[in-house]
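What follows is the residue order along each chain.
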Amino acid sequence: MPQRPMQSLVIASLMIGSVTGALSQEGPDKNPFADPDMHPSYRAQCHEVRDLTKDRETGETRVDFSVTGPLDLVHFDGTLAYLGLCGTVPAPKVLCVTYQTNDMKVGDVVTVAGGYSRPNPDFIVLDPCLAQRLDEPAQ
């Protein structure tokens, strides 16, 4: 049965309204946050971390955060691997908690992404976290 012009207009208005609402929820272009296990639209650099995370609280639901920079800590305790980057003032330190170092060394430039938490203004923990060198293909 063909739709009447008024029904078509109402449906079109609803569709446009929902698209406009979705677009307004996208947020800034530089968004290093994503839903769990999803790739963010932007990977923060160490010097941007403080500004990009300043109003982000650790919530009850997991959100992932991604940052790229040189490693300044690589430690394996036999069970977990700890990869540290950033931390040069004014950037907060970022600690990626993962299961292996994959032969990463201090100085390697890596991208880390994982569950965001902020125990204090100068420290971010990503757990669970994945890390990869810039020259490695995306996982």
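Heads up: the structure comes first, above all this text.
Residues numbered from 1 in each chain as written. Predicted model: local features only at pLDDT ≥ 70, side-chain atom pairs only at ≥ 80, totals over all residues. Heavy atoms only, no water.

Regarding the overall build of the protein chain
Filter applied, for reference: Numbered from the N terminus, helices here are DSSP runs of H or I no shorter than four residues, and strands are runs of E no shorter than two. Contacts are residue-level and defined by heavy atoms, with any inter-residue pair within 4.5 Å sufficient.
Assigned secondary structure in the protein chain consists of two helices and seven strands. Tracing the protein chain from N to C terminus, the helices and strands come up as α-β-β-α-β-β-β-β-β. Across the protein chain, contacts joining residues at least 24 apart in sequence account for 50% of those joining residues at least 6 apart.

Digging into the environment of Thr58
How we decide: Residue exposure (1.4 Å probe, protein chains only): buried if accessible area is under 20% of the type maximum, exposed if over 50%, otherwise partly exposed.
Inspection of the secondary structure puts Thr58 in the loop between helix H2 (49-53) and strand E3 (64-76). Residue Thr58 is classed as partly exposed on the basis of its relative accessible area of 40%. The spacing of Thr58 and Gly115 is 57 residues in sequence and 9.7 Å in space, taken between C-alpha atoms. Look past the residues within four positions of Thr58 in its chain and what remains in contact with it is Tyr116, Ser117 and Arg118.

Some details on the side chain of Arg133
This is how the line gets drawn: N or O atoms within 3.5 Å of each other form a polar contact, as long as, within protein, one can give a hydrogen and the other can take it, and as long as residues adjacent in sequence are counted only when both atoms are side-chain atoms.
Structurally, Arg133 can be placed in strand E7 (residues 123-133). Separated by 3.0 Å, the side chain of Arg133 and the backbone oxygen of Asn102 make a polar contact. In this structure the side chain of Arg133 is engaged in a polar contact, spanning 2.8 Å, whose partner is the backbone oxygen of Asp103. Contacts of Arg133, omitting those with residues within four sequence positions, involve Asn102, Asp103, Met104, Asp108, Val109 and Val110.

Details of unusual backbone geometry
In this structure, Pro90 follows Val89 across a cis peptide bond, with omega equal to 15 degrees. Its place among the elements puts Pro90 in the loop between strand E4 (81-86) and strand E5 (93-98). Residue Pro128 is reached from Asp127 by a cis peptide bond, and omega for that bond is 0 degrees. Locating Pro128 in the fold gives a position in strand E7. Residues other than glycine seldom take positive phi values, yet Asp37 does so here, at roughly 65 degrees. Turning to its location among the elements, Asp37 is positioned in the loop between strand E1 (33-34) and strand E2 (44-45).

What to know about the environment of Val110
One can find Val110 in strand E6 (residues 109-120). The sequence separation of Val110 and Gly69 amounts to 41 residues, and the corresponding C-alpha distance is 5.7 Å. In this structure Val110 touches Val67, Thr68, Gly69, Leu71, Leu85, Met104, Gln132 and Arg133, once residues within four positions along its chain are discounted.

Considering the state of the cysteines
To be explicit about the condition: The disulfide criterion is simple: two cysteine sulfur atoms within 2.5 Å.
For the structure shown, the criterion picks out two disulfides. Covalent S-S linkage joins Cys96 and Cys129, the inter-sulfur distance amounting to 2.1 Å. On the sign convention where negative means left-handed, the S-S torsion of about -110 degrees between Cys96 and Cys129 marks this disulfide as left-handed. With Cys96 in strand E5 and Cys129 in strand E7, the pair connects residues that are 33 residues apart, well separated along the chain. You'll find Cys96 and Cys129 in the same group, each marked buried. Disulfide partners in the protein chain, listed by the sequence order of the bonded cysteines, are 1-2, 3-4.

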